[in-house]
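# Reading the structure
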Amino acid sequence: MTDKAAPHQRRVRYAGTHPKRFEDKYKELDPSHHADELQKVMNRGQTPAGMHRSICVSEILAILQPQPGEVALDATLGFGGHAQEILPRLLPGGRLFGVDVDPIELPRTEARLRSLGFPESALVVRRINFAEIATLLPETGGGFDVVLADLGVSSMQIDNPARGFSFKADGPLDLRLDPTKGQSASELLQTVTRQRLRDLLTDHADEPFATPLAAALQGQYIETTTQLAEMVRQTLSATFKRSMPGEERQAETKKVLQRTFQALRIEVNDEFGVLDRFLGLLPTCLKPGGRVAILSFHSGEDRRVKKAFQTGERSGIYASVAPDPIRASFDERRANPRSSSVKLRWAIRAPTA
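Residues numbered from 1 in each chain as written. Predicted model: local features only at pLDDT ≥ 70, side-chain atom pairs only at ≥ 80, totals over all residues. Heavy atoms only, no water.

### Examining the overall build of the protein chain
- When helices and strands are counted, the protein chain shows 15 helices and seven strands.
- In the protein chain, which comprises 353 residues, the share counted as buried stands at 49%.
- Contacts in the protein chain between residues far apart in sequence, at least 24 positions, make up 70% of those at least 6 positions apart.
- Accessible surface, the protein chain as shown: approximately 18,100 Å² in total, 51% of it carbon and sulfur. (Helix = DSSP H or I, 4+ residues; strand = E, 2+ residues; numbered from the N terminus. Buried < 20%, exposed > 50% of the residue type's maximum accessible area, 1.4 Å probe, protein only. Contact = heavy atoms within 4.5 Å. Areas by Shrake-Rupley, 256 points an atom, 1.4 Å probe, with all protein chains shown as cover.)

If you want it as structure tokens, here you go:
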């Protein structure tokens, strides 16, 4: 009697070089299995889906100069790439407080940093808004020697369709950094007035087509990112001059989509209000001689940082501030296009008299 033949098993289908599902592209979830593929993408000057690449790391370390025994704050922990470089320089004896509002990415980042060997005594993680940093002061023993704030949205947030941050993939029109609080972008569009929508498109993103966009989008029930993107495209199609070349029209449409999503994200997260409160609290949270570095990614953020630092220098709060913003190097911009718009500013708290 012959053995029964083993049942036929279909081979696992190859997903191809351009998988559609985000889970198949999100290499940060398991980078050890995708090392070669990640390197190929980065060699092309692109950022792999779901992978965050920290910006201006060497410049930030040169500005902040973290020393053993000092107390540092990463006010926007995100992926933890900057924190990973700062932490070893604080040891022995130092601590880094890492805060973020994102309830989805924060546990992943803490687990990643703990796996690198950073214990509770060296790394303190809190889920709070960075406008609440004063609540950490009782734990610091007198304030922070080093403060970093990276105001950019992380690649993990942008690339994940479920978060609704990008028009490039279909997902719920949400845009909240903390999806448990406040109203989503979809809810905002239903309730905002036309004038307010026009103003926030102008104020948050310098959008030249704010008036027709506000007229088209205000009061609409738009559930997904792709629905919003299509409505923006339809509005622009009726607005653009017929004589505009196709390539120019396509490039301008992409910019308008980016600005529209940026403006809505800033509004639903009150990003400018949060930044203003953070900048107002910052001097009282820095020790004498403390150093702060802030990365901003658009003009609205950079104007606020520049003004706060210059006002602080004139009043004697800061001993010195960056005379001009520092930009990512040519090599970094080529390797990581998402660094192209960054502006880095710094300030040093004045010593006590």
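Next comes the rest of the account.
### Focus on the sheet that holds strand 7 (residues 343–349)
- What the seven strands build is an open sheet, ordered 3-2-1-4-5-7-6; its pairing is mixed. Only two strands of the sheet have a single partner each, and these edge strands are strand 3 (123–126) and strand 6 (318–321). Averaged over all neighbouring strand pairs, the angle between strand axes comes to 15°, with direction disregarded.
- When strand 5 (residues 286–296) meets strand 7, the two strands line up antiparallel, connected through six bridges. By the bridge assignment for strand 7, R291 is matched with I348.
- Running over the sheet, helix 4 (residues 81–90) touches strand 1 (71–74), strand 2 (95–99), strand 3, strand 4 (144–150) and strand 5 and is turned about 160° from strand 2.
- Lying on the sheet, helix 14 (residues 299–314) is in contact with strand 5, strand 6 and strand 7; it crosses strand 6 at an angle near 135°. (Pairing = 2+ DSSP bridges. Axes fitted to C-alpha atoms, helices over the stretch in contact; angles between N-to-C directions.)

### Concerning the pairing of strand 5
- Counting buried positions along strand 5 gives nine out of eleven residues, so the element sits mostly inside the fold.
- Direction of pairing for strand 4 relative to strand 5: parallel, over a ladder of six bridges. Among the inter-strand pairings, F144 is bridged to a residue of strand 5, identified as L286.

### Brief notes about the confidence of the model for the protein chain
- Of all residues in the protein chain, 84% have pLDDT values of 70 or greater, and the mean over the chain is 87.
- Every residue in residues 44–50 is under pLDDT 50, and counting partners more than four places away or in other chains gives 27 contacts. (pLDDT = per-residue confidence, 0-100.)

### Quick word on the packing of aromatic side chains
- For the structure on display, the rule yields four aromatic pairs.
- Residues F130 and F278 carry aromatic rings whose centres are separated by 4.7 Å and whose planes lie at 15° to one another, so their mutual orientation is stacked. Of this pair, F130 sits in the loop between strand 3 and helix 6 (137–140) while F278 sits in helix 13 (residues 271–285), and the two are 148 residues apart along the sequence. Grouping residues by exposure puts F130 and F278 together as buried.
- Relative to Y318, the ring of F309 has its centre 5.5 Å away and its plane inclined at 70°; by these criteria the two rings are edge-to-face.
- We note R304 situated over the ring of F272; from NZ or CZ to the ring centre the distance is 4.0 Å. (Phe/Tyr/Trp six-rings, centres within 6.5 Å; stacked < 30°, edge-to-face > 60°. Lys NZ or Arg CZ within 6 Å of the ring centre and 35° of its normal.)

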